[in-house]
Amino acid sequence: MEAVVALADAEYGALGVIGDGQQLWQFLPVGIADELISRISQAPCGRGILGELIHAPVPLRLTDLTRHPASYGLPEHHPPMRTFLGVPIRVRDEVFGNLYLTENRGTGFDADDESVLTTLANAAGVAIDNARICHESRRREQWLQALGETTRSLLAGTEVREVLRLIARRASEVVGADQAVVLLLARADDVLTAEVAHGPDAEQVRGLRLPGRGSLAGLAARTGVPVATADIHADPRAHSIRDAGDGAAAYRPAMAVPPAAGLLGVRRDAAEPAYRTGGLRRHRSGPGLPLRRSGCDRPRTRPAPRRVRGVGRPA
């Protein structure tokens, strides 16, 4: 971003990453001292001119941003800004974020500046897409390793609770969760019970009961598809867990995934990005699947010997 700012002879620049709800999840400024950033009362969230680019993702070039109808004003201690240039970063058909430049040291940003910034945004989009492909490939490999490890444990006769602990630990590693919980559904009373937990406050979480209706886990169980939220405390679909440990308030992004048996829930720290459920739909045949197929919840029986014609009969 520093190179972009220097190339366009701008005073300030920034990269904005769009999160859920058409809001800025991450904002990385260049040209403003860290001390000044800490004094600015409000971090950009996607309103005003920045929001204009989110809702209308096309290049925007202004000689005086304060005169634009969408101008929202600047927070206290923010340096004054007038000239503005912003372009979207597209990753295939998705708008990943935006590149922003302000305060051109000349007479203002021109068409050449816009062309250069658009080219750089296109290159950034290709780089992000390639990085996502590599990440998805590594994650798919991790899921396959987790599936293999779980299947071997089941075939070896490992106790069910130990297998569930393995699933929680491996799921936490694959999706980058701070906490993972395996919940089992009792259909008689429509209640989900946290059978095992992995991560901070696991002891406090284990044994907690969630209603089948009025919780993200219950919704995932009923619909059969993953359910994600950017803020588990603000989402009306979620159930408040008051006894989940001292660190429970720090978790915001959360997701409930219905494997073949039970529910898998994962949570992240509030500073981390929200979960995306798209990739999980492709991997749901992973660690949770062998639980039902293996018959680990019923006594093992040896199959009856198969009679082959002409074999084992008296001569």
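Within each chain, residues carry numbers counting from 1 in the order of the written sequence. Given that the model is predicted, a residue must reach a pLDDT of at least 70 before its local features are reported, and side-chain atom pairs must reach 80 or more before they are shown or counted; all residues, however, enter totals for whole chains, interfaces and linings. The side-chain quantities take in all heavy atoms of the structure and omit both hydrogens and water.

A. Main features of the sheet that holds strand β2 (residues 24–30). Strands pair, by our definition, only if DSSP identifies at least two bridges between them. Per the convention used, a helix needs a DSSP run of H or I reaching at least four residues, while a strand needs a run of E reaching at least two, with both numbered from the N terminus. Read across the open sheet, the 5 strands follow the order β2-β1-β5-β4-β3; overall the sheet is antiparallel. Looking along the sheet, the strands with just one partner apiece sit at the ends: β2 and β3 (60–62). Adjacent strand axes in the sheet meet at a mean angle of 15 degrees, parallel and antiparallel pairs treated alike. Whether two residues touch is decided by their heavy atoms; if any such pair falls within 4.5 Å, the residues are in contact. Orientation is described by axes fitted as lines to C-alpha atoms, over the contacting stretch for helices, and by angles from 0 to 180 degrees between their N-to-C directions. Lying over the sheet, helix α3 (residues 48–55) contacts β1 (10–18), β2, β3, β4 (84–91) and β5 (94–104), oriented at roughly 35 degrees with respect to β4.

B. Summary view of α3. Burial status follows relative accessibility: with a 1.4 Å probe on protein chains alone, a residue under 20% of its type maximum counts as buried, one over 50% as exposed, and anything between as partly exposed. The element α3 is largely enclosed, with a buried count of 6 among its 8 residues. Structurally, α3 contributes buried residues whose contacts are with β1, β2, β3, β4 and β5.

C. Structural context of the pairing of β2. In this structure, β1 lies alongside β2, joined through 6 bridges in antiparallel fashion. By the bridge assignment for β2, A14 is matched with P29. Connecting β1 to the antiparallel partner β2 that follows it, the hairpin turn spans 5 residues, and G21 within it adopts a positive phi of roughly 70 degrees.

D. Unusual backbone geometry, seen in detail. A positive phi angle, close to 75 degrees, is found at H77, a residue other than glycine. Note on placement: H77 falls in the loop between β3 and β4. The exposure class assigned to H77 is partly exposed, which follows from its relative accessible area of 35%.

E. Structural view of the confidence of the model for the chain. Values of pLDDT, which run from 0 to 100, indicate the predictor's confidence residue by residue. For the chain, the mean per-residue pLDDT works out to 79, and 78% of the residues sit at or above 70. Every residue in residues 279–315 is under pLDDT 50, and counting partners more than four places away or in other chains gives 47 contacts.

F. Representation of the nonpolar core. In this description, a nonpolar core means a group of buried Ala, Val, Leu, Ile, Met, Phe, Trp, Tyr and Cys residues linked to one another through side-chain atoms lying within 4.5 Å. The biggest cluster of nonpolar side chains holds 17 residues, and the ones touching the most others in it are V181, L183, V205, L216 and A217. With sequence-adjacent residues up to four places away left out, L216 is seen in contact with V227, T229, I232, R237, A238 and A256. Among the nonpolar cores identified, the runner-up in size contains 16 residues, and A8, A10, V87 and L101 belong to it.

G. Looking closely at the side chain of H68. Note on placement: H68 falls in the loop between β3 and β4. Among the residues examined, H68 registers a relative accessible area of 18% and is labelled buried. With residues up to four places along the chain from it excluded, the contact list for H68 reads I49, E52, L60 and L62.

H. Summary view of the packing of aromatic side chains. Stacked, tilted and edge-to-face are the three classes applied to pairs of Phe, Tyr and Trp rings, where Trp contributes its six-membered ring and a pair requires centres within 6.5 Å; stacked means planes under 30 degrees apart, edge-to-face means over 60, and tilted covers the rest. The tally for this structure, following the rule as stated, stands at 2 aromatic pairs. With 6.1 Å between their ring centres and 35 degrees between their planes, F27 and Y100 make a pair best called tilted. One end of the pair, F27, is in strand β2; the other, Y100, is in strand β5, with 73 residues separating them in the sequence. Classification of F27 by relative accessible area gives partly exposed; the value is 26%. In this structure Y100 comes out as buried when scored by relative accessible area, which is 3%. Taking the centre distance of 6.2 Å and the plane angle of 40 degrees together, the rings of F84 and Y100 count as tilted. Taken together, the residues F84 in strand β4 and Y100 in strand β5 connect sequence positions 16 residues apart. The exposure class of F84 is buried, given its relative accessible area of 2%.

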